Amino acid sequence: MLQVKALQKSFDGFLAVNDTTLNVEKGDVVAVIGPNGAGKTTLFHLITGQLAPTSGSILFKEENIAGMLPYLVCRKGISRSYQVVNIFNRLTVFENVQVAVLSYRKKTFNIFQPAKTMAVSETRKILGSVGLLDKSEMTSGSLSHGDQKVLEIAIALGNRPELLILDEPTAGMSPEETAVTLRLMERLSGELGLTILFCEHDMGMVFSIASRIMVMKQGKSIIQGSPDEVRNNQQVREAYLGGADQCST
Ligand SMILES: Nc1ncnc2c1ncn2[C@@H]1O[C@H](COP(=O)(O)OP(=O)(O)O)[C@@H](O)[C@H]1O
Ligand SMILES: [Mg+2]
């Protein structure tokens, strides 16, 4: 579904992403791991069009989307959440998702129908699928941090993606919230058939959910394989899993 080849992104000569390769097959749950500054967020920005690559290709369903604008990438079927929560705090939970659904349908305004009543059933369905239906009418800014991160996933689902990209979906969450998000990701993958690409520092979570793992170091993809292959790779053990910090910064 997604093939990243020889991807590079230079910031004033500094290669934040340096010859990176990544393959995501339909139905995969792929984790990208690596220490802070490895280039994970930059890689996601390149895939979703927030940044244009310096060189290399990004094939999504056989089409090169490298350098394509974010809204066009989104239309192709890739949606994402951010490492830092990115929602409209003053809107209700319902409205945040409704805006995403309406913008996907290119219908933000209709003179014959009040905006409030538009896309109600699809919005409710999405909120139900992420477990936020009972908080629909709450102001988004008043949600717990964990619920705000889940709301971001709900907003991303408003674009009906085939590939969902999540940048540290459990960052700052309590162990309970992390467990809820893990189950949510399992449901999105299992029941909705979504392909998921995410990066994450919580190794317990990565190894419990990922079907494939790619390890990044200093902008380079050093290995991609099954959880067992990655766990047993000597280079990875020395650099990431053997040390005291276990990528947990
Ligand atoms: N807009 C930017 N300008 C300059 N350097 C950047 C920019 N964005 C990221 N970097 C640098 O690129 C490297 C990779 O960052 P990032 O992709 O955020 O890593 P990660 O998400 O793995 O922690 C870091 O050294 C960071 O400082
Ligand atoms: Mg990051």
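You'll find the structure just up there.
Anyway, here's the lowdown on the structure attached to this text. In this numbering scheme, every chain counts its residues from 1 along its sequence in written order. Chains and ligands are labelled by the order in which they are written, letters from A for the one and numbers from 1 for the other. At least 70 in pLDDT is required for a residue's local features to be given in this predicted model, at least 80 for side-chain atom pairs to be given and counted, and no such filter applies to totals for whole chains, interfaces and linings, which use all residues. Hydrogens are left out, water is left out, and the side-chain values use all remaining heavy atoms of the structure.

Considering the nonpolar core
The following threshold applies: Residues belong to a common nonpolar core when they are buried Ala, Val, Leu, Ile, Met, Phe, Trp, Tyr or Cys residues joined through side-chain atoms within 4.5 Å. Between buried and exposed lies partly exposed: a residue is buried under 20% and exposed over 50% of the maximum accessible area for its type, with that area taken using a 1.4 Å probe on protein chains only. A run of DSSP states H or I qualifies as a helix once it reaches four residues; a run of E qualifies as a strand once it reaches two. Both are numbered from the N-terminal end. What marks off one domain from the next here is an automatic or database domain assignment. Note on definitions: a residue-residue contact is assigned when non-hydrogen atoms from the two residues lie within 4.5 Å.
Of all hydrophobic cores here, the largest spans 45 residues; its most connected members are Leu151, Leu164, Ile196, Phe198, Val206 and Ile213. Sorting elements by how many residues they give to this core places helix H5 (residues 145–157) first, with 7 residues. Both domains that furnish three or more residues to this core are identified here as domain 1 (1–77 + 163–249) and domain 2 (86–160). Beyond its immediate chain neighbours, meaning those up to four positions away, Ile196 contacts Asp28, Val29, Val30, Leu163, Leu164, Leu166, Met185, Leu188 and Ser189. Ranked by size, the runner-up nonpolar core spans 27 residues in total, among them Leu7, Leu46, Ile47 and Val73.

So, the environment of Lys5
Among the structural elements, Lys5 can be located in strand E1 (residues 2–11). We classify Lys5 as partly exposed; its relative accessible area is 43%. Distance from Lys5 to Leu59, taken between C-alpha atoms, is 8.2 Å for residues 54 residues apart in sequence. With residues near it in sequence (within four places) discarded, Lys5 still touches Thr20, Gly56, Ser57 and Leu59.

So, the sheet that holds strand E10 (residues 220–225)
The condition is simple: For two strands to pair, DSSP has to find at least two bridges joining them. Fitted lines through C-alpha atoms serve as axes, helices being fitted only where they are in contact, and the angles separating the N-to-C directions of these axes extend from 0 to 180 degrees.
As summarised here, the arrangement of the 6 strands in space is E6-E7-E8-E3-E9-E10, forming an open sheet in which the pairing is mixed. The sheet terminates laterally at strand E6 (78–81) and E10, the two strands that pair on one side only. Each adjacent strand pair in this sheet contributes to an overall mean axis angle of 15°, direction not counted. Here 5 bridges tie strand E7 (residues 163–167) to strand E8 (residues 195–199), and the two strands are oriented parallel to one another. Counterpart to Leu166 in the pairing with E8 is Phe198.

Quick look at the packing of helix H3 (residues 93–104) against H5
Here is the rule we go by: Any angle that falls under 35 degrees is termed roughly parallel, while one over 145 is termed roughly antiparallel, one within 65 to 115 roughly perpendicular, and all others oblique. Left-handed is the label given to a crossing in which the near helix is rotated counterclockwise from the far helix by less than a right angle, and right-handed is the label when the rotation is clockwise.
Packing of H3 against H5 leaves a shortest axis separation of 7 Å and a crossing angle of 30°. In this view, H3 runs roughly parallel relative to H5, as classed from their interaxial angle. Remark: the crossing between H3 and H5 carries right-handed chirality. Seen from H3, the contacting residues are Val93, Asn96, Val97 and Ala100; seen from H5, they are Leu151, Ala154 and Ile155.

Digging into the site of ligand 1
Rules: We call a residue near a molecule or strand when any one of its heavy atoms sits within 4 Å of it. Side-chain atoms alone can form a polar contact between residues adjacent in sequence; in general such a contact is a pair of N or O atoms within 3.5 Å, and within protein one must be able to donate a hydrogen while the other accepts it. All amino acids are sorted into three groups, where Ala, Val, Leu, Ile, Met, Phe, Trp, Tyr, Cys and Pro are nonpolar, Asp, Glu, Lys and Arg are charged, and the leftover types, Gly among them, are polar.
Near ligand 1, the surroundings consist of Phe11, Phe14, Ala16, Pro35, Asn36, Gly37, Ala38, Gly39, Lys40, Thr41 and Thr42. Here Ala38 contributes a backbone N or O atom positioned 3.2 Å from an oxygen atom of ligand 1. Broken down by secondary-structure element, the contributors of at least two residues to the shell around ligand 1 are strand E2 (14–24) and helix H1 (40–48). Its residues assigned to classes, the shell around ligand 1 comprises 5 nonpolar, 5 polar and 1 charged.

Re the sheet that holds E2
Taken together, the 4 strands give an open sheet; going across it, the order is E2-E1-E4-E5, and neighbouring strands pair in antiparallel fashion. Because the sheet does not close on itself, it has two edges, and the strands there are E2 and strand E5 (63–64). Across 8 bridges, the pairing between E1 and E2 is antiparallel. Counted as the bridge partner of Lys9 is Val17 from E2. Strand contacts of H1: E1, E2 and strand E4 (55–60), with the helix running at about 115° to E1, the strand carrying the most contacts.

Concerning H3
The condition is simple: By this rule, a helix spans an expected 1.5 Å times one less than how many residues it contains.
Counted at 1.5 Å a residue, the expected span for H3 with its 12 residues is 16 Å, and the 17 Å between its end C-alpha atoms agrees. Of all the residues in H3, the buried ones are Val93, Phe94, Asn96, Val97, Gln98, Ala100, Val101 and Leu102. As for H3, its buried residues are in contact with helix H4 (120–130) and H5.

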